[in-house]
Amino acid sequence: MKARAFSYVRADSLAAARAAFLAASGDASYISGGQSLVPALALRLQAPEILVDLGQVADMRGVTLEGDMLRIGGLTRHAQMLTEPLIARHAPLLAQAAPYVAHPAIRNRGTLGGSVALADPASEFPAMMLAMNAQMEIYGASGTRLVPADDYFQDLYQTALEPGDILVALHVPSVGPRHRWAFDELTRRRGDYAMVGAGIQGTFAEDGRVNEIRIAFFSVAATPVRVKSVEAALAGQVIDAARIAHVQGLIEAELDPAEDEHLPPAMRLHLARVLLGRLLQTVSSAT
Ligand SMILES: Cc1cc2nc3c(=O)[nH]c(=O)nc-3n(C[C@H](O)[C@H](O)[C@H](O)COP(=O)(O)OP(=O)(O)OC[C@H]3O[C@@H](n4cnc5c(N)ncnc54)[C@H](O)[C@@H]3O)c2cc1C
């Protein structure tokens, strides 16, 4: 199948992009890396009249440290998560997750902003935004606003983005010496979307106890989800085998995977428990 014929606008500013989008009376799509949108166009799952290309918008480029927050422009490509020194130093969970996102050709074109704007519940980076307690910089009707990750993911492919809004950048709290983190996922084949995946980031006291920890799963629900009862049960505790077994028992009450002919909910819950155990072992043994 071929995409429906469409007009194309290459915007050079946020204002120009939004104006072009709104001029199409709702029949427009932004395009960043095109790695999700172009297949959707080809299958006619989406058939906008106008594509508004964000690729030349300078405000969406670059990675900069602003105080203790790392600002990652929405146009930062997946592959840059692996090569950008500021990301390795200040947002290492993104660097750990990046090799699991698709394949090199897709990582060379796909963007962080595109992935988080799309909010596929099986995607790695949106869940890492939750684990890292990131904030989304969004350009919309009232200018620019910041939305915490906890408020951003609302339902299946539904986020705090209103029609015409642009995800400009991601603001990630920089990790310090007391932080530990870990990422892992279970897939049938390398490069596939995960059956279950998760990222953990937290701070630890000198005696090894958890100060605070955030654990975000993906591929288990309509949105990426934090397991808050697990986080609460770990706060102030040393992570040992007994504590891991205890919190693995909390997973079932937290996650409610949908029926799926390929992977029954009970199997997905089992995989989530296994993954949680592995990740907690990793952060408990990190120094
Ligand atoms: C074969 C294959 C395998 C893949 N495997 C994985 C995987 O394992 N894990 C994974 O996470 N992803 C995977 N992907 C998706 C890939 O990571 C995409 O790059 C990503 O989901 C979207 O980023 P993009 O820049 O390509 O966005 P685009 O395709 O350009 O856009 C995606 C959507 O977001 C909107 N959009 C884009 N940018 C913005 C913005 N800044 N503000 C507002 N709206 C915006 C677009 O209108 C569109 O609706 C895979 C894709 C393919 C084709």
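Analysis parameters
- Residues numbered from 1 in each chain as written.
- Predicted model: local features only at pLDDT ≥ 70, side-chain atom pairs only at ≥ 80, totals over all residues.
- Heavy atoms only, no water.
- Salt bridge = Lys/Arg side-chain N within 4 Å of Asp/Glu carboxyl O.
- Helix = DSSP H or I, 4+ residues; strand = E, 2+ residues; numbered from the N terminus.
- Buried < 20%, exposed > 50% of the residue type's maximum accessible area, 1.4 Å probe, protein only.
- Near = heavy atom within 4 Å.
- Polar contact = N/O pair within 3.5 Å; in protein donor to acceptor, adjacent residues only side chain to side chain.
- Areas by Shrake-Rupley, 256 points an atom, 1.4 Å probe, with all protein chains shown as cover.
- Nonpolar A, V, L, I, M, F, W, Y, C, P; charged D, E, K, R; others polar.
- Domains from an automatic or database assignment.
- Contact = heavy atoms within 4.5 Å.
- Buried area = accessible area lost by both parts, 1.4 Å probe.

Student: If you had to explain the pattern of salt bridges to someone new, which residues and values would you point to?
Tutor: Overall, the coordinates contain 12 salt bridges when judged by the stated rule. Between Glu49 and Arg4 there is a salt bridge whose closest N-O contact spans 3.8 Å. Of this pair, Glu49 sits in the loop between helix 2 (37–42) and strand 3 (50–53) while Arg4 sits in the segment before strand 1 (7–10), placing them 45 residues apart in sequence. The exposure class assigned to Glu49 is partly exposed, which follows from its relative accessible area of 40%. Residue Arg4 is classed as partly exposed on the basis of its relative accessible area, which comes to 31%. Across the salt bridge formed by Arg273 and Glu252, the nearest N and O atoms sit 3.8 Å from each other. Placement of the pair is Arg273 in helix 12 (residues 265–285) and Glu252 in helix 11 (residues 251–254), with a sequence separation of 21 residues.

Student: Now, about the site of the ligand: what can you tell me, with residues and values included?
Tutor: Taken together, 29 residues are adjacent to the ligand, and Tyr30, Ser32, Gln35, Leu37 and Thr111 come closest. Backbone polar atom of Tyr30 to an oxygen atom of the ligand: 2.6 Å apart, as the coordinates give it. A total of 970 Å² of accessible area belongs to the ligand in isolation, and the protein chains cover 87% of it. Taken together, the elements giving at least two residues each to the shell around the ligand come down to strand 2 (28–31), helix 6 (112–118) and strand 10 (166–173). With four residues, the top contributor of residues to the shell around the ligand is helix 6. The residue makeup of the shell around the ligand, split by class, is 14 nonpolar, 12 polar and three charged.

Student: Can you lay out the domain arrangement of the protein for me, pointing to particular residues and giving the numbers?
Tutor: Think of interface size as the accessible area that goes away when the parts come together; that is how it is often given. Here the protein is partitioned into domain 1 (7–53), domain 2 (60–173) and domain 3 (179–285). Taking only C-alpha atoms, the centre of domain 2 and the centre of domain 3 are 21 Å apart. On the side of domain 3, 24 residues touch domain 2, which itself brings 26 residues to the contact. Carbon and sulfur atoms supply 60% of the area that domain 2 and domain 3 bury against each other, a total of about 2,100 Å² over both sides. Of all residues in domain 2, Tyr100, Pro121 and Leu130 bury the most surface against domain 3, accounting for 25% of the area lost on that side. At the boundary of domain 2 with domain 3, the tally comes to two salt bridges. In this structure, the salt-bridge partner of Arg214 is Asp150, at a minimum N-O distance of 3.1 Å. Between the two partners, domain 2 and domain 3, sit six residue pairs in polar contact (both at pLDDT 80 or more). The set of elements that each furnish at least two residues to the side of domain 2 that touches domain 3 consists of helix 4 (92–97), helix 7 (124–132) and strand 8 (153–155). Per-element tally for the side of domain 2 that touches domain 3: the top contributor is helix 7, with seven residues.

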